[in-house]
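Take a look at the letters that make up each chain.
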Amino acid sequence: MDYWILLIIFFLIVDKTWHLTGTLAAKLNSSDKLQQLLNEKKQLQHQQQQISAQDQYALWTKNNRKLDKLDKNIEEAKKSYVSGLEATNARLAKLKILLVTVPFTALKFYKGKLHVYSVPKGMFPSVIEGILEHGWIYMALAPMKFRQVSEGAVVTVTLGIWLFALLKVISACEFIVEVLREPTVYVGNSDKKSVDVDEKGVISQPVD
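Predicted, not measured: the structure shown is a model, and the values here were computed from it.

Undergrad: Sorry, what's going on with helix H7 (residues 159-181) here?
TA: Working note: α-helix, 3.6 residues per turn, so residues spaced by three or four point in the same direction. Taking 1.5 Å per residue, 23 residues should reach 33 Å; H7 reaches 33 Å between its end C-alpha atoms and fits that length. The complete set of buried residues in H7 reads Leu-159, Ile-161, Trp-162 and Leu-163.

This is the structure we're talking about:
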């Protein structure tokens, strides 16, 4: 296999898996402070439930003030955490454009006419065979008969068309996976109603 094809496949894999860098960044972006504040709030709420507001009013009031302060600190920690993630994702997006998108696009234009493999002539209509061999420009130049399908028993397929078809297949597979992952099921036979499944697996059904 031509090393240009391997390079194209490498860029394609990196492009399709780049979203994993965002997941990794989210894990590396420390949220220890936020988690600590949430734990403190949980403990204080538990303590507050054990206190009688009438018998221990001073302590109950003090804990309420602590809870209010914790709520403010938690909101600030959340904003800081989200802001850090957004800044990291923005840097990753720029890095992707520089390292993946621009080289990948340039390579597709530079080696788009590279012949990848061949198919038997007559397998497709002549217009399709022309597109396979010369790319999309064949459709624009076909009326002028500027480019013709080469003679022989086979029709060569260019890298640009092969990559276009491959991306379409990948997009279709991604769409199917997304549809299958949707948390919507149907109940009943004649009258099908969609019900939603929440994160805990509890099904909420619409009421007529």
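Undergrad: What's the story with the confidence of the model for the protein in this structure? I'm lost.
TA: Detailed conclusions should not be drawn from predicted coordinates in areas where pLDDT is low. The predicted model of the protein has a mean per-residue pLDDT of 75, with 75% of residues at 70 or higher. Element-level mean pLDDT values for the protein span from 43 in strand E5 (residues 203-204) up to 86 in helix H4 (residues 57-110). Low pLDDT, under 50, characterises residues 190-208; the predicted model gives this stretch 27 contacts beyond four residues in sequence or across chains.

Undergrad: Help me understand the nonpolar core, please; the structure alone is not making it clear to me.
TA: Generally speaking, nonpolar side chains in soluble globular proteins are found buried as a group. Judged by nonpolar contacts, the single largest core of 20 residues is most densely connected at Ile-8, Phe-104, Leu-159, Trp-162 and Leu-163. Listing elements by their share of this core, those giving two or more residues are helix H1 (3-17), H4, strand E2 (154-158) and H7. Looking at which element gives the most residues to this core, the answer is H1, with five residues. Taken together, domain 1 (1-111) and domain 2 (112-184) each give at least three residues to this core, which thus spans both. Those residues in contact with Ile-8 that sit more than four places away from it in its chain are Phe-104, Leu-107, Lys-108, Leu-159 and Leu-163.

Undergrad: Help me understand the side chain of Asn-63 in this model?
TA: Position of Asn-63 among the secondary structure elements: in helix H4. If near-sequence neighbours (up to four positions away) are discounted, Asn-63 is found in contact with Leu-44, Gln-47, Gln-48 and Ile-51.

Undergrad: Got a minute to help me understand the pattern of salt bridges in this structure?
TA: Pairing is possible between side chains that carry opposite charge, provided their charged atoms lie close to one another. By the definition in use, this model includes four salt bridges. The partner of Arg-181 in a salt bridge is Glu-178, with the nearest N and O atoms 3.8 Å apart. Of this pair, Arg-181 and Glu-178 both sit in helix H7, three residues apart, which is roughly one turn of the helix. A relative accessible area of 61% places Arg-181 in the exposed class. The class for Glu-178 is partly exposed, based on a relative accessible area of 46%.

About the cut-offs
Residues numbered from 1 in each chain as written. Predicted model: local features only at pLDDT ≥ 70, side-chain atom pairs only at ≥ 80, totals over all residues. Heavy atoms only, no water. Helix = DSSP H or I, 4+ residues; strand = E, 2+ residues; numbered from the N terminus. Expected span 1.5 Å × (residues − 1). Buried < 20%, exposed > 50% of the residue type's maximum accessible area, 1.4 Å probe, protein only. pLDDT = per-residue confidence, 0-100. Contact = heavy atoms within 4.5 Å. Core = buried A, V, L, I, M, F, W, Y, C linked by side-chain atoms within 4.5 Å. Domains from an automatic or database assignment. Salt bridge = Lys/Arg side-chain N within 4 Å of Asp/Glu carboxyl O.

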